[in-house]
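The residues making up each chain are set out below.
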Amino acid sequence: MAGSNNDLNVLQASPIFNDILQGKAPEMSYVVNGNEYKYGYYLCDGIYPEYATFVKSYTFLGDDKRKMFKEKLTTVLTACVILHNMIIKEEGRAICSYTTNDILNPPAVIQVSNPTYFSRVLEIQNRETHHNVRYDLTEYIWERQFQGQNDGEGEEDDDSDDEKDEDGDDEADDIGNDNDDD
C-alpha cells in the first residue's frame with residue numbers, strides 16, 4: 001500500500017462524504033444562477049471524478065467565460081494552497097488545540113443497505129449535476145464581472161438639471177428657493 005496514496009485512493013478511503021451519506025450533514029443547499037443545489041462543493045483539479053460535490057475547471061477553454069472561470073478558480077485554489085502552507089509552516093501547529101487522546105473522527109458505521117444511502121451516493125456522483133454546477137458558476141462569475149459596467153449606456157440621463165417642471169421652469173432653480181419674493 002505504500003506509495004499508492006494518490007488523490008483518488010485517498011478519496012475512496014476518505015470519510016469526506018460519510019456525514020452526507022448518513023444524513024448527519026447540515027443543510028448545505030444553495031442557489032446559483034437561479035438553480036438550487038443540494039450539497040456544497042469542493043474546488044479541485046482535473047484528476048478528481050465528475051461528482052456533483054466537486055467543481056473543477058474546464059479542460060477546453062473555448063470562450064472568454066470559460067477562461068475567466070479558470071482564472072478565478074486558479075486564484076482561489078492558489079490562495080487556499082498558500083493558506084494551507086502557512087499553517088503547515090507554522091511548526092505544524094494546528095489552528096485548534098487537541099490532545100492525542102482525542103478522537104477527531106471516530107469510525108462511522110454506515111448502513112449501506114438503506115435505500116436512502118444509495119440515493120445519496122447517486123446524488124453525490126451525478127455527472128450531470130457536476131456539469132450544471134460548473135456551468136451555473138461560470139455564468140454567475142461572468143455576469144458579476146460585468147455587472148454595472150453597462151448601466152446607462154445609450155440611455156438618456158434621467159437626473160439632468162435641464163428638466164422642466166409643470167410651470168416650465170427648471171426644477172433645479174426651484175430647489176431651496178421657496179422665498180423668491182424676498
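Relevant structure appears above.
About the criteria used
Residues numbered from 1 in each chain as written. Predicted model: local features only at pLDDT ≥ 70, side-chain atom pairs only at ≥ 80, totals over all residues. Heavy atoms only, no water. Core = buried A, V, L, I, M, F, W, Y, C linked by side-chain atoms within 4.5 Å. Buried < 20%, exposed > 50% of the residue type's maximum accessible area, 1.4 Å probe, protein only. Helix = DSSP H or I, 4+ residues; strand = E, 2+ residues; numbered from the N terminus. Contact = heavy atoms within 4.5 Å. Phe/Tyr/Trp six-rings, centres within 6.5 Å; stacked < 30°, edge-to-face > 60°. Salt bridge = Lys/Arg side-chain N within 4 Å of Asp/Glu carboxyl O. Expected span 1.5 Å × (residues − 1). Polar contact = N/O pair within 3.5 Å; in protein donor to acceptor, adjacent residues only side chain to side chain. Arc of directions from axis to C-beta.

Focus: the nonpolar core
Most often, soluble globular proteins keep nonpolar side chains buried together rather than apart. The biggest cluster of nonpolar side chains holds 12 residues, and these are Leu-11, Phe-17, Ile-20, Leu-21, Tyr-39, Cys-44, Tyr-48, Tyr-51, Phe-54, Tyr-117, Val-121 and Ile-124. Of all the secondary structure elements, the ones that give two or more residues to this core are α2 (18-22) and α4 (115-124). If you tally residues by element for this core, the top one is α4, at 3 residues. Among residues more than four places away in sequence, those in contact with Ile-20 are Ala-25, Tyr-39, Arg-120 and Ile-124. By size, the runner-up hydrophobic cluster in this structure holds 9 residues, among which are Tyr-37, Tyr-58, Leu-73 and Val-133.

Focus: the packing of aromatic side chains
Per the counting criterion, the structure on display carries 9 aromatic pairs. Ring plane angle 50° and centroid distance 6.0 Å describe the contact between Phe-17 and Phe-54, whose orientation is recorded as tilted. A residue pair is termed long-range when its members are at least 10 positions apart, and Phe-17 in the loop between α1 (7-13) and α2 and Phe-54 in strand β4 (residues 54-55) qualify at 37 residues. Assessed through its relative accessible area of 10%, Phe-17 is described here as buried. Of the residues examined, Phe-54 reaches a relative accessible area of 3% and is grouped as buried. One aromatic cluster is present, built from ring pairs that chain together Phe-17, Tyr-42, Tyr-48, Tyr-51 and Phe-54.

Digging into the environment of Ala-52
With respect to the secondary-structure elements, Ala-52 resides in the loop between β3 (42-43) and β4. Sequence separation of Ala-52 and Tyr-37 is 15 residues, and the distance between their C-alpha atoms is 8.9 Å.

What about the pattern of salt bridges?
All chains considered together, the criterion is met by 3 salt bridges. Of the charged contacts in the structure, one is a salt bridge between Lys-38 and Glu-123, with a shortest N-O distance of 3.5 Å. Taken together, the positions of Lys-38 in the loop between β2 (35-37) and β3 and Glu-123 in helix α4 put the pair 85 residues apart, joining distant regions of the chain. Relative accessible area serves as the criterion here: at 48%, Lys-38 is assigned to the partly exposed category. Arg-127 serves as the salt-bridge partner of Glu-50, at 2.6 Å between the closest nitrogen and oxygen. Taken together, the residues Glu-50 in the loop between β3 and β4 and Arg-127 in helix α5 (residues 127-146) connect sequence positions 77 residues apart. Take Arg-127: its relative accessible area is 53%, and that puts it in the exposed class.

Comments concerning α5
Taking 1.5 Å per residue, 20 residues should reach 28 Å; α5 reaches 29 Å between its end C-alpha atoms and fits that length. Within α5, the full set of buried residues consists of His-130, Val-133, Arg-134, Asp-136, Leu-137, Thr-138, Glu-139 and Trp-142. If you follow the buried residues of α5, they end up packed against β1 (30-32), β2, β4 and α3 (64-89). For α5, the capping residue at the N-terminal end is Asn-126, with a side-chain oxygen 2.8 Å from the backbone nitrogen of Glu-128.

Regarding α4
For α4, every residue scored as buried is listed here: Tyr-117, Val-121 and Ile-124. On an axial view of α4, the arc spanned by its buried residues comes to 70°, and they lie on one face. For α4, exposure combined with an orientation more than 90 degrees from the buried face picks out Pro-115 and Leu-122. In this structure, the buried residues of α4 make contact with α2.

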